[in-house]
Amino acid sequence: MTDASTPLIVGSVTGRFDKADHASRSDDDLLAGLNPPQLEAVTYRGPALLIVAGAGSGKTSVLTRRIASLLRSREAWPSQILAITFTNKAAGEMRERVRSLIGDRAEGMWISTFHSACVRILRREAQQFGFTKSFTIYDSGDSRALIKRLVKEHEGDAFGLTPAGTQSRISKLKNELADAESYARQANMSDPVERVFVEIFGAYQRELQKANAFDFDDLIGQTVYLFRAFPHVADQYRRRFRHILVDEYQDTNHAQYALIHELTRPIGSDAAPVASSGGMMIFEPEPVGEDAASLTVVGDSDQSIYAFRGADIRNITEFERDYPGAKVVLLEQNYRSTQNILSAANAVISNNFDRKEKRLWTDVGAGEPIIGFTGYSQHDEAQFVADEIESLHKTGVDYSQMAVFYRTNSQSRALEEIFIRSAVPYKIMGGTKFYERAEIKDALAYLVAVANPADEMALRRILNRPRRGIGDVTETSIARYAADQQITFRDALANSSALGVGPKLQAAIAQLDAILAEATAIMLPSTGELAPPTAVAEGLTLLLNKSGYFDALRRSRDPQDEARLENLDELVAVTREFARNNPEGTVIDFLSEVALVADADDLDDASGSVSLMTLHTAKGLEFDAVFLTGVEEDLIPHRISANEPGGPAEERRLFYVGITRARKRLYLSLAMTRAQFGEVTVAMPSRFLQEVPSELIDWRQSPGDVNSRGGSRSRALNARPSGGSDSGSWGSKRYGDDLAPKSTAIDKFPNRIPAKVRDNGDLVLASGDRIRHDDFGEGRVDAVTGEGAKRVAHVRFDTVGAKKLLIKIAPIAKI
DNA sequence: TCAGGCACCGTTTTT
DNA sequence: CGGTGCCTGA
């Protein structure tokens, strides 16, 4: 569909781009099948381009074709392209798709996450500012452990500072590019809590530096610092990357924004007035000079779901201000979902005010209705999901084309139990992570101890793993000796006889020192020779064998230790795999890779099974059938979000992301009761349910059925109030910042869900009992199932037939 | 030093 | 409920 009237080339800025015209001719296959806005997004050439890409609008396709077209027309060498994605998986996919478009010419591009790209830059430049190229990366677990120690040392708990709270505050500040000093300058330092916090923040940063380590936030922040402090270094990268493309731009935080900003400055523009006021870096919007790299960003502010982690939606909403003259292309046609699904999505998201109007549409037709289901308990809900999956499977839908989403990881358990029982093959994405398991962290700590001897945390971790009899006391004497002698903790181990500990301990320490040295010889041979590709695998095996780690697990009679051994075997397998893929990869490269992978990366293994994941993990994926479970108040929107500014709106976007993952079928389900930490609580339908136009939902069992108020009109659950204005009122009715009192939303259910739930206490029913129901009249109990608050009576009513009732809350009485 | 028992606690999302 | 941290006794 080549539209001759659509200008292929818009506003080329320099002579360099003139080849694009020639390019467009040879690019027919790249442009085939694109709609006009997509075409423009691929072919526009200019300093800055914002592609507002609604869900399912083909943005990955557009992005990859844009890259391919730049390369094929020789407007850019692969090495001049920097494409940033949010996850490793997305990066891999993009690389693959570009390769399939233009083949090996794709070699040499940087397609990676922010974090990986920064690691690559920092490895090269670290020695410029007090780190070495063998720095290690602290994941959030590592940094939490360090912060925990520091909070304790500074007695932060006496000031109400918790490790978790301190960690998240530090992280937020780093995302704003603040450091301890700049924060201290604008904080209220007469507040003792603030003083202690600043102390801990500062100490944390010194410890990281001492350990030659960066945490996740530092990877970005320190790269920005590097570029600002060393303009000539920044210029090298500005000269190199001529085309910068950023995916999921709505999820960038301030530090990431600043990084992109630094890279897209004109070369040699080191004047860079960096005003720091209260930790916030202020930029004057400056015209992008001719020499600046061209920037393409893709995003959808309706899918911004990481504000809690510092993502700043303004980065995308104010793109045109930041990059004056930027071209904006809007992709609204959806190629993924049916119209029913899109209508639901549009209706829900239109309740967020202060957003740019955008309406997804498709030409594939209405499709199936959305199916709703309300279970008595989360098990009941899970059973429905399992049954439905089975019947879809029978009609030919592959398991791998179905997914179940939930808001919190803990919800996966109930689903899992039922799936196992129902023999539904499933795979949980995310969840407990391989690289966060204790034995894996131990093994990696051994590698870190070799790769980065400055990293004291890693050494302390393995000091007594397996048990060597080295406890707190001994650990402290090693640390003290190191401090006295002004040597590192690692070097102190080599002097075990001087530590003033008993002979047994001396031997244990000397033994540890020896195997670390031996592993170092294998993995990091000194005299310039290259370590063989297998070095990491060999070194790791040696460490685990000679340290006695394997033996300890084998000897153990804890049944879990068998699984731990298997996990370690798998880790060794990972090192082999790494060696195959990176023949020249060092142990340091291996550790970087491992630190930066998320578990979403095993997505490929999901073939043949249903995918279970959180709504956050679901972003960017799509499935034929999607089950969105736990659509309840306090879950989505999550109760914690209620007090956060913009929280409810973000929850709505999360719900929207979930809906828009579905291609053909969407199920919305909830439970009337939900057990959390051992207690059964009564759940209420989410306000978002009511935002979905009622005619789109086909309720198999509505909330009304289950709590038996107005159950006879179940389909009418979210029918509009009679007499009220019709469809027009949906999009325009807005509650302040979504903070409308919960009851308002609930009251709008015509057959209202009681805000105060009736409680029948310990009403005991047995089969054969006669009962009277407020709405259904009299009936006879056939059976009672379930336990405690979840007991369900199966009742045959004289007039309305069989119903299942939750005994605890149904409006019933024994006759 | 360390295993085991017990109390308590917090409960979201993750590169 | 499950994990963590603290305390005890050996």
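A brief report on the enclosed structure follows. Throughout, a residue's number is its position along its own chain's written sequence, starting from 1. As they are written, the chains are lettered A onward and the ligands numbered 1 onward, keeping that order. Reporting of local features is limited, given that this is a predicted model, to residues whose pLDDT is at least 70; pairs of side-chain atoms are given and counted only at 80 or more, and all residues count toward the totals for whole chains, interfaces and linings. Side-chain figures throughout are based on the complete set of non-hydrogen atoms in the structure, without hydrogens or water.

1. Considering the overall build of chain A
Moving on, step 1. By the criteria applied, helices consist of DSSP H or I runs no shorter than four residues and strands consist of E runs no shorter than two, each listed in order from the N terminus. Counting its secondary structure elements, chain A contains 33 helices and 24 strands.
Moving on, step 2. Looking at the 815 residues of chain A, the share that counts as buried comes to 54%.
Moving on, step 3. In chain A, the share of contacts with a sequence separation of at least 24, taken over all contacts with a separation of at least 6, comes to 74%.
Moving on, step 4. Within the structure as shown, chain A displays about 34,900 Å² of accessible surface, and the carbon and sulfur contribution to it stands at 50%. Relative accessibility decides the category of a residue: with a 1.4 Å probe and only protein chains considered, values under 20% of the type maximum give buried, values over 50% give exposed, and everything between is partly exposed. Note on contacts: a residue pair qualifies if any of its non-hydrogen atoms lie within 4.5 Å across the two residues. Note on areas: Shrake-Rupley with a 1.4 Å probe; residue coverage comes only from the protein chains shown.

2. Observations regarding the protein's contact with DNA strand C
Moving on, step 1. For DNA strand C, the full set of nearby residues is K148, R413, F677 and G678.
Moving on, step 2. Backbone atoms, meaning sugar and phosphate, form 50% of the atoms of DNA strand C found within 4 Å of the protein.
Moving on, step 3. In the analysis that follows, any N or O atom pair within 3.5 Å is treated as a polar contact, provided that within protein one partner can donate a hydrogen and the other can accept it, and provided that, for residues neighboring in sequence, both atoms belong to side chains. Between a phosphate oxygen of DNA strand C and a side-chain N or O atom of R413, the distance comes to 3.2 Å.
Moving on, step 4. Put simply, Ala, Val, Leu, Ile, Met, Phe, Trp, Tyr, Cys and Pro go in the nonpolar bin, Asp, Glu, Lys and Arg in the charged bin, and everything else, Gly too, in the polar bin. Looking at the surface near DNA strand C, its residues break down into one nonpolar, one polar and two charged. Think of it this way: one heavy atom of a residue within 4 Å of a molecule or strand is enough to make that residue near it.

3. A closer look at the sheet that holds strand β20 (residues 770-773)
Paired through backbone hydrogen bonds, the strands of a sheet run either parallel or antiparallel to each other.
Moving on, step 1. When DSSP locates at least two bridges between a pair of strands, those strands are taken to pair. Pairing is antiparallel in the open sheet, where five strands are placed in the order β23-β22-β21-β20-β24. What marks the edges here is a single partner per strand, and that holds for β23 (801-806) and β24 (812-814). Across the sheet, the axes of successive neighbouring strands diverge by a mean angle of 40 degrees, strand direction being ignored.
Moving on, step 2. For β20 and strand β21 (residues 777-785), the ladder comprises four bridges, and the chain directions are antiparallel. Residue pairing for β21: I771 is matched across the bridge by G779. To define axes, lines are fitted to C-alpha atoms, for helices over the stretch in contact only, and angles between the resulting N-to-C directions are given on a 0 to 180 degree scale.

4. Let's talk about the protein's contact with DNA strand B
Moving on, step 1. Around DNA strand B, a shell composed of 24 residues is seen, among which F86, R407, N409, I640 and F677 lie nearest.
Moving on, step 2. Of what DNA strand B places within 4 Å of the protein, 55% of the atoms are sugar or phosphate.
Moving on, step 3. Separating a base oxygen of DNA strand B from a side-chain N or O atom of R407 is a distance of 2.5 Å.
Moving on, step 4. One nitrogen or oxygen atom from the side chain of N409 is found 2.8 Å from a phosphate oxygen belonging to DNA strand B.
Moving on, step 5. Among the elements of the structure, α21 (472-485) and α28 (615-618) are those that each provide at least two residues to the surface near DNA strand B.
Moving on, step 6. A class-by-class count of the residues in the surface near DNA strand B yields eight nonpolar, twelve polar and four charged.

5. Looking at the packing of aromatic side chains
Moving on, step 1. By convention, a stacked pair of Phe, Tyr or Trp rings (six-membered ring in the case of Trp) has centres within 6.5 Å and planes under 30 degrees apart, an edge-to-face pair has planes over 60 apart, and any other such pair is tilted. As enumerated under the stated definition, the model contains 20 aromatic pairs in all.
Moving on, step 2. Here F86 and Y306 contribute two aromatic rings whose centre-to-centre distance is 5.2 Å and whose plane-to-plane angle is 40 degrees, an arrangement assigned as tilted. Highlighted residues: F86 in the loop between β2 (81-85) and α5 (88-102) and Y306 in the loop between β9 (294-299) and α14 (314-317), separated in sequence by 220 residues.
Moving on, step 3. Taking the centre distance of 5.8 Å and the plane angle of 40 degrees together, the rings of Y306 and F308 count as tilted.
Moving on, step 4. A network of ring pairs unites the aromatic residues F129, F131, F135, F214 and Y225 as a single cluster.
Moving on, step 5. Both a distance and an angle decide whether a charge sits over a ring: NZ of Lys or CZ of Arg must be within 6 Å of the ring centre and within 35 degrees of the ring normal. Taking NZ or CZ as reference, R123 lies 4.0 Å from the ring centre of F135, over its face.
Moving on, step 6. Its end group placed over the ring of F197, R169 keeps NZ or CZ at 3.8 Å from the ring centre.

6. Here's the deal with helix α8 (residues 163-175)
Moving on, step 1. One less than the number of residues in a helix, times 1.5 Å, gives the span that helix is expected to have. If you check α8, its first and last C-alpha atoms are 18 Å apart, about what 13 residues at 1.5 Å a residue would give, namely 18 Å.
Moving on, step 2. Burial in α8 covers these residues: T166, Q167, I170, L173, K174 and N175.
Moving on, step 3. Just beyond α8, the residue with positive phi is L177, at close to 65 degrees.

7. Digging into the packing of helix α19 (residues 438-451) against helix α23 (residues 503-523)
Moving on, step 1. Two numbers describe how α19 lies on α23: the axes approach to 9 Å, and their chain directions differ by 75 degrees. When the axes of α19 and α23 are compared, the pair comes out roughly perpendicular. For the pair α19 and α23, contact is made by Y446, L447, A449 and V450 and by L512, I515, L516, A519, T520 and M523, respectively.
Moving on, step 2. The class makeup of the residues in the contact of α19 with α23 is nine nonpolar, one polar and no charged. Every angle not falling under 35 degrees, over 145, or within 65 to 115 is termed oblique; those three ranges are roughly parallel, roughly antiparallel and roughly perpendicular.

8. A closer look at the environment of L505
Moving on, step 1. Here L505 lies in helix α23.
Moving on, step 2. We classify L505 as buried; its relative accessible area is 19%.
Moving on, step 3. Each C-alpha atom of the pair L505 and E695 lies 74 Å from the other, and the pair is 190 residues apart in sequence.
Moving on, step 4. Once you skip the residues sitting within four places of it in the chain, L505 turns out to touch R468, G469, I470 and T474.

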